[in-house]
Amino acid sequence: MCPIVDRARAGLAELADPVAAAAMQRYMKSAMPFRGVAKPARERLLRTLVDECPFPDAPALRDAVRELWGGARFREERYLALALVGHRRYRQWPDPTWVPLLREWIVAGAWWDFTDEIASRRIGPLLRAHPVALTPVLRLWSTDPDRWLRRTAVICQLGSGTATDLTLLRDAVEANLGDPDFFLRKGIGWALRQHARVDPAWVRGFVADHPQLSPLSRREALKHLGE
């Protein structure tokens, strides 16, 4: 086991707040308990871990985060695993070979806090850096039985701006238009609303051309367009 994993768990234990933990677990509707460590404290712990236990290479990082996630007893351990992968010192290390691990986390995590972080901040950058490798994967995810993989395919381009692959966005949304799931409908609206920041005409046209959009998705998509 990597020393950083032990230090991460010990650090979270030292910062634990049982009262906050109960409230966080209720809010997240999580079966996995919390330590009660809020994000600012986790970020300070993360800085300490990165400074004191630097990774020599990408395989060492992958081994550590796999252990931290897979052996987690508290939700914050998984938050730290995700934060390590996205830390500025290491964020250039993940490549398409990391996708199976990220897919495993999406499916196992099975909730919006994990999915949204992985989709927009891990899968999205990989898609922009490696479109040839990632685009076919996301097309498959857009029709996967797992709703969290489908949500990932829909929202993974939230940070893409003018570099958004509109064909992929359209296809991912259209593949899920008929699904009644709240998280998919909300994700569709979110993805369209975000793209409206850079291309409002495209979003207006998409909404007009897809009357089967759910009221929730339509409302979210047009939220900042004055319609």
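Residues numbered from 1 in each chain as written. Predicted model: local features only at pLDDT ≥ 70, side-chain atom pairs only at ≥ 80, totals over all residues. Heavy atoms only, no water.

### Structural notes on the overall build of the chain
No. 1: In terms of helices and strands, the chain carries 13 helices and 0 strands.
No. 2: Each helix and strand of the chain, placed in order from N terminus to C terminus, yields the pattern α-α-α-α-α-α-α-α-α-α-α-α-α.
No. 3: Relative to the 2.2 N^0.38 estimate, which gives 17 Å for 227 residues, the radius of gyration of the chain is 19 Å and therefore close to what a compact globule would have.
No. 4: By residue count, 51% of the 227 residues in the chain fall in the buried class.
No. 5: Sequence-distant contacts in the chain: of pairs separated by 6 or more residues, those separated by 24 or more amount to 70%.
No. 6: When the accessible surface of the chain is split by element, carbon and sulfur atoms take 54% of a total near 11000 Å².
No. 7: Averaging the coordinates of the 34 positive side-chain charges in the chain and doing the same for the 27 negative ones gives two points 4 Å apart. (Helix = DSSP H or I, 4+ residues; strand = E, 2+ residues; numbered from the N terminus. Rg over C-alpha atoms; globule rule 2.2 N^0.38 Å. Buried < 20%, exposed > 50% of the residue type's maximum accessible area, 1.4 Å probe, protein only. Contact = heavy atoms within 4.5 Å. Areas by Shrake-Rupley, 256 points an atom, 1.4 Å probe, with all protein chains shown as cover. Lys, Arg positive; Asp, Glu negative; His and termini not counted. Charge placed at Lys NZ, Arg CZ, Asp CG, Glu CD.)

### Quick word on the nonpolar core
No. 1: Ranked by size, the top nonpolar core spans 68 residues in total, and within it Val 65, Leu 84 and Trp 105 carry the most contacts.
No. 2: Dropping the residues within four chain positions of it, Leu 84 is found in contact with Ile 4, Leu 46, Val 50, Phe 55, Leu 61, Val 65, Leu 68 and Tyr 90. (Core = buried A, V, L, I, M, F, W, Y, C linked by side-chain atoms within 4.5 Å.)

### Some details on helix H3 (residues 39-52)
No. 1: Taking 1.5 Å per residue, 14 residues should reach 20 Å; H3 reaches 20 Å between its end C-alpha atoms and fits that length.
No. 2: Within H3, the full set of buried residues consists of Ala 41, Arg 42, Leu 45, Leu 46, Leu 49 and Val 50. (Expected span 1.5 Å × (residues − 1).)

### Considerations on unusual backbone geometry
No. 1: At Lys 29, a position not held by glycine, the phi torsion is positive, near 50°.
No. 2: Assignment of secondary structure puts Lys 29 in the loop between helix H2 (18-28) and H3.
No. 3: The exposure class of Lys 29 is exposed, given its relative accessible area of 67%.
No. 4: Not every positive phi belongs to a glycine, and Ala 110 is a case in point at roughly 50°.
No. 5: In this fold, Ala 110 is placed in the loop between helix H6 (99-109) and helix H7 (112-129).

### Structural notes on the packing of H7 against helix H8 (residues 131-141)
No. 1: Between H7 and H8, the least distance of the axes is 6 Å, while the angle of their chain directions is 130°. With respect to their mutual orientation, H7 and H8 come out oblique. Crossing of H7 against H8: the hand is left-handed. Together, Ile 123, Leu 126, Leu 127, Arg 128 and Ala 129 of H7 and Pro 131, Leu 134, Thr 135, Leu 138 and Trp 141 of H8 make up the contact between the two elements.
No. 2: Split by residue class, the contact of H7 with H8 holds 8 nonpolar, 1 polar and 1 charged. (Axes fitted to C-alpha atoms, helices over the stretch in contact; angles between N-to-C directions. Parallel < 35°, antiparallel > 145°, perpendicular 65-115°, else oblique. Left-handed = near helix turned anticlockwise from the far one by under 90°. Nonpolar A, V, L, I, M, F, W, Y, C, P; charged D, E, K, R; others polar.)

### Things to note about the pattern of salt bridges
No. 1: With the rule as written, the count across this model stands at 16 salt bridges.
No. 2: Note that Asp 51 and Arg 89 form a salt bridge whose closest N and O atoms lie 3.7 Å from each other. On the criterion of sequence distance, the pair formed by Asp 51 in helix H3 and Arg 89 in the loop between helix H5 (75-86) and H6 is long-range, its members being 38 residues apart.
No. 3: A relative accessible area of 42% places Arg 89 in the partly exposed class.
No. 4: Here Asp 179 and Arg 150 are joined by a salt bridge, their closest N and O atoms 2.6 Å apart. Note that Asp 179 is positioned in the loop between helix H10 (166-174) and helix H11 (182-196) and Arg 150 in helix H9 (residues 147-155), a separation of 29 residues in sequence. The exposure classification of Asp 179 matches that of Arg 150, with both residues buried.
No. 5: One network of salt bridges, with partners in common, ties together Arg 9, Glu 67 and Glu 77. (Salt bridge = Lys/Arg side-chain N within 4 Å of Asp/Glu carboxyl O.)

### A look at H7
No. 1: In this model, H7 (18 residues) spans 24 Å end to end at C-alpha, consistent with the 26 Å of a helix rising 1.5 Å per residue.
No. 2: In H7, a bend of some 35° at Ala 119 exceeds every other bend along the element.
No. 3: Buried within H7 we find Asp 113, Phe 114, Thr 115, Asp 116, Ile 118, Ala 119, Ser 120, Arg 122, Ile 123, Gly 124, Leu 126 and Leu 127. (Bend = angle between axes of the 7 residues up to and from the residue.)

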